[in-house]
Amino acid sequence: MFGIPSQALLGQLLLGLINGAFYAMLSLGLAVIFGLLNLINFAHGAQYMMGAFVAWFLLQYMGLGYWPALLIAPMVLGAFGMVLERTMLRHLYQLDHLYGLLLTFGLALMLQGLFRNQFGSSGQPYPIPAALQGGQNLGFMFLPNYRAWVIAFSLAVCLTTWYVIERTKLGSYLRAATENPTLVRAFGINVPRLITLTYGAGVGLAALAGVLAAPIYQVNPLMGADLIIVVFAVVVIGGMGSILGSIVTGFALGVVEGLTKVFYPQASNTVIFVIMTIVLLLKPAGLFGRTQS
Amino acid sequence: MRAMPPQTSPASTTSSASARTPVSPWYAFGAMLIFLLVTPLFVYPIFLMKALCFALFACAFNVLVGYAGLLSFGHAAFLGTAGYVSAYAAKAWGLPPELALVAGTTAAAALGLAIGSLAIRRQGIYFSMITLALAQMLYFFYLQTPFTGGEDGIQAVPRGVLFGLVDLRQPVSMYGLVLAIFLAGFLVLYRTIHSPFGQILKALRDNEPRAISLGYNADHYKLIAFVLSATLSGLAGATKVLVFQLASLTDVHWTMSGEVVLMTLLGGLGTVYGPVVGAFIVVALENYLAQLGSWVTVVQGGIFVACVLTFRRGIVGELAARLDG
């Protein structure tokens with residue numbers, strides 16, 4: 001097709017879908033946190049990195065492999081997030097949004113600096129779990145099992161999150177508290193605890209993405225630093241008004257980035273930012289944004 | 001619309017405090033001037049010139065965040081772009097330093113117009129994310145484009161002879177030029193902040209819908225403030241390139257955008273002298289902690305957290321509040 005071997009095209013499409021899976025999971029976490037806390041979590045990239053590192057620690061020091069890590073890392077980071085929320089973020093809700101951004105930016109610098117001191121800038125390899133090694137020959141391309149698993153699993157995580165928020169009782173409390181926290185508190189729902197749990201869940205999502213990423217990219221102290229900026233652009237393009245919107249935008253932009261690598265590799269780093277510019281010009285509120293607020 | 005919690009604007013407390021401060025601004029300005037004229041006798045001039053460039057950068061940044069309430073997370077783009085353009089102008093085109101400075105500053109102004117008109121289409125937190133993303137896009141552009149020299153940057157930029165008269169290779173004359181540029185930029189910003197235009201910016205920061213209902217075109221004023229801030233950031237970047245004779249990717253990276261936020265926050269958002277104090281402290285800190293490697297990042301992150309949690313008004317803001325009783 002267009003003089004490009006279909007192997008290369010499909011290979012980049014697959015890579016794009018994988019990147020898209022991470023964009024979707026991270027922007028989903030940002031959107032969930034933003035909805036209730038009115039906070040842009042700049043430490044999201046650092047928390048994603050820490051999730052990967054927890055998986056690496058578990059394997060290195062406790063002999064616990066990928067599958068336990070998939071469960072433990074989000075819980076550890078979720079607890080860490082809840083401590084952060086209780087001790088620091090809580091004091092900022094009455095202030096201008098920008099203080100939350102500045103605080104989490106400082107946290108990201110600290111966490112990334114600490115890990116870099118300890119582990120240097122080079123990555124630590126993390127093996128693909130035994131059950132997911134190898135791949136399938138689909139006839140037209142070779143599909144590594146682990147990559148297929150990442151796409152399927154992250155899609156499942158995204159849809160579960162959507163289901164919990166849009167279709168369950170807990171989710172309805174969450175959406176109600178987003179609209180009007182005072183009124184929801186008057187109904188006897190413990191909104192501060194809901195906020196703490198939400199932040200924990202958002203951070204846990206970032207950590208889960210980190211564990212998924214560990215076998216593909218290496219476990220590196222700076223793995224989240226540049227990624228979070230791309231995810232911010234994804235969030236600006238999609239708008240944070242809709243959960244499904246951020247999932248769709250994440251996957252779609254990953255694919256677009258993958259295709260750019262095939263047709264015009266020089267622009268592959270910048271294509272998402274270019275799309276952001278175009279969206280801002282044509283539809284300033286974002287593709288799925290509700291109001292310009 | 002969601003119900004918003006009551007908000008305190010970043011600097012509304014500070015500015016009202018400093019407005020009532022009994023200390024005349026000219027005392028403070030005189031003290032700063034004497035400090036800057038005397039210290040070169042004791043301190044390494046390159047350090048002072050670096051601090052002055054960053055002080056101008058932070059003051060320019062402060063106009064946006066402290067007075068217009070717009071937190072840009074992409075200001076490195078203006079510092080770095082002006083740096084690259086003036087380095088290229090001085091080295092490849094052989095322009096004299098005054099024209100190289102003008103070229104770099106003009107480029108930053110044009111870029112400010114482009115980025116500003118995009119970023120002000122969204123408010124609040126989105127504004128910060130858009131400026132950060134656009135600056136990152138430029139970073140990748142400068143990484144790949146041939147004229148910047150990629151990872152090497154543009155090295156050995158000639159300082160040249162100012163107006164064909166003053167040889168800038170002499171540290172004394174270079175310091176004189178940097179000091180003059182800093183003071184000129186500082187006074188322009190001071191005048192802007194204390195003009196009717198500055199009052200309108202504060203009104204937009206404190207209550208944008210009300211300012212709009214009074215007939216002010218919010219986007220118009222925000223864009224002017226953005227371009228002014230970008231231009232003076234560019235002037236700082238162009239000057240910095242002449243001082244160090246080097247334009248590199250460090251100046252366009254997001255960590256540089258974070259550093260200018262740190263300087264301004266530490267010194268005091270929305271205070272006149274805060275960014276200057278913050279810039280000197282951060283540059284000194286980097287100087288002394290340089291051998292500690294990546295601990296610098298940890299210390300900087302710690303200062304961010306400490307500032308936000310304990311002294312949001314910054315050093316100058318807190319001092320002004322104390323003096324005020």
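Caption draft 1: Spotlight on the overall build of chain A. Within chain A, the secondary structure is distributed over 11 helices and two strands. Compactness check: chain A gives a C-alpha radius of gyration of 19 Å against a globular reference of 19 Å for 293 residues, within 12% of the reference. Burial analysis of chain A (293 residues in total) assigns 51% to the buried set.

Caption draft 2: Expanded view of the overall build of chain B. Scanning chain B from terminus to terminus reveals 14 helices and two strands. If you line up chain B on its principal axes, its C-alpha atoms span 55 × 40 × 40 Å. The proportion of buried residues among the 325 residues of chain B is 51%. When contacts within chain B are restricted to residue pairs at least 6 apart in sequence, those whose partners lie at least 24 apart make up 78%.

Caption draft 3: Highlighting the interface of chain B and chain A. Counting residues at the interface gives 43 residues for chain B and 42 residues for chain A. Looking at the side of chain B that touches chain A, the elements that each hand over two or more residues are α6 (124–144), α11 (254–267) and α13 (295–309) of chain B. No other element matches α6 of chain B, which puts 14 residues into the side of chain B that touches chain A. A per-class count over the side of chain B that touches chain A returns 26 nonpolar, 13 polar and four charged.

Caption draft 4: Here's a closer look at the packing of helix α4 (residues 97–119) of chain A against α13 of chain B. Closest axis-to-axis distance for the α4 of chain A/α13 of chain B pair is 7 Å, and the angle between their directions is 155°. Taken together, the axes of α4 of chain A and α13 of chain B are roughly antiparallel relative to one another. At the point where α4 of chain A passes α13 of chain B, the crossing takes the left-handed sense. Facing Tyr99, Leu102, Leu103, Phe105, Gly106, Leu107, Leu109, Met110, Gln112, Gly113, Leu114 and Asn117 of chain A of α4 of chain A, the residues of α13 of chain B in contact are Trp295, Thr297, Val298, Gln300, Gly301, Gly302, Phe304, Val305 and Val308 of chain B.

Caption draft 5: Region of interest: unusual backbone geometry. One non-glycine residue, Asn38 of chain A, adopts positive backbone phi at about 55°. Along the chain, Asn38 of chain A turns up in the loop between α1 (6–37) and α2 (44–62). By the C-beta count within 10 Å, which is 18 here, Asn38 of chain A ends up partly exposed. With a phi close to 55°, Ala156 of chain B is a non-glycine residue in the positive phi region. Note on placement: Ala156 of chain B falls in the loop between α6 and β1 (161–162).

Caption draft 6: Looking closely at helix α12 (residues 274–289) of chain B. Residues and elements named next belong to chain B. Here α12 is 16 residues long and its end C-alpha atoms lie 22 Å apart, about the 22 Å a rise of 1.5 Å per residue gives. Among all positions of α12, only Gly274, Pro275, Val276, Val277, Gly278, Ala279, Phe280 and Val282 are buried. Close packing links the buried residues of α12 with α2 (25–38), α3 (45–67), α11 and α14 (314–323).

Caption draft 7: Fine view of the nonpolar core. Residues Ala233 of chain A together with Ala55, Leu56 and Ala133 of chain B are the most contacted members of the largest nonpolar core, which totals 203 residues. A per-element tally of this core places α3 of chain B first, with 17 residues. When neighbours within four sequence positions are excluded, Leu56 of chain B is seen to be in contact with Phe182, Gly185, Phe186, Leu232, Leu235 and Ala236 of chain B.

Caption draft 8: The confidence of the model for chain A, seen in detail. Averaged over all residues, the pLDDT of chain A is 88; the fraction at 70 or higher stands at 97%. The weakest mean pLDDT in chain A belongs to strand β1 (residues 135–137) of chain A at 80; the strongest belongs to helix α3 (residues 66–87) of chain A at 94.

Caption draft 9: Examining the environment of Asn41 of chain A more closely. All names here are of chain A. Along the chain, Asn41 falls in the loop between α1 and α2. Note: C-alpha distance between Asn41 and Val203 (162 residues apart in sequence) is 9.0 Å. Apart from the residues within four sequence positions on either side, Asn41 is in contact with Leu30, Ile33, Thr104 and Gly202.

Cut-offs applied
Residues numbered from 1 in each chain as written. Chains lettered and ligands numbered in written order. Predicted model: local features only at pLDDT ≥ 70, side-chain atom pairs only at ≥ 80, totals over all residues. Helix = DSSP H or I, 4+ residues; strand = E, 2+ residues; numbered from the N terminus. Rg over C-alpha atoms; globule rule 2.2 N^0.38 Å. Buried ≥ 20, exposed ≤ 12 C-beta atoms within 10 Å, placed from the backbone. Contact = placed C-beta atoms within 7 Å. Nonpolar A, V, L, I, M, F, W, Y, C, P; charged D, E, K, R; others polar. Axes fitted to C-alpha atoms, helices over the stretch in contact; angles between N-to-C directions. Parallel < 35°, antiparallel > 145°, perpendicular 65-115°, else oblique. Left-handed = near helix turned anticlockwise from the far one by under 90°. Expected span 1.5 Å × (residues − 1). Core = buried A, V, L, I, M, F, W, Y, C linked by C-beta atoms within 7 Å. pLDDT = per-residue confidence, 0-100.

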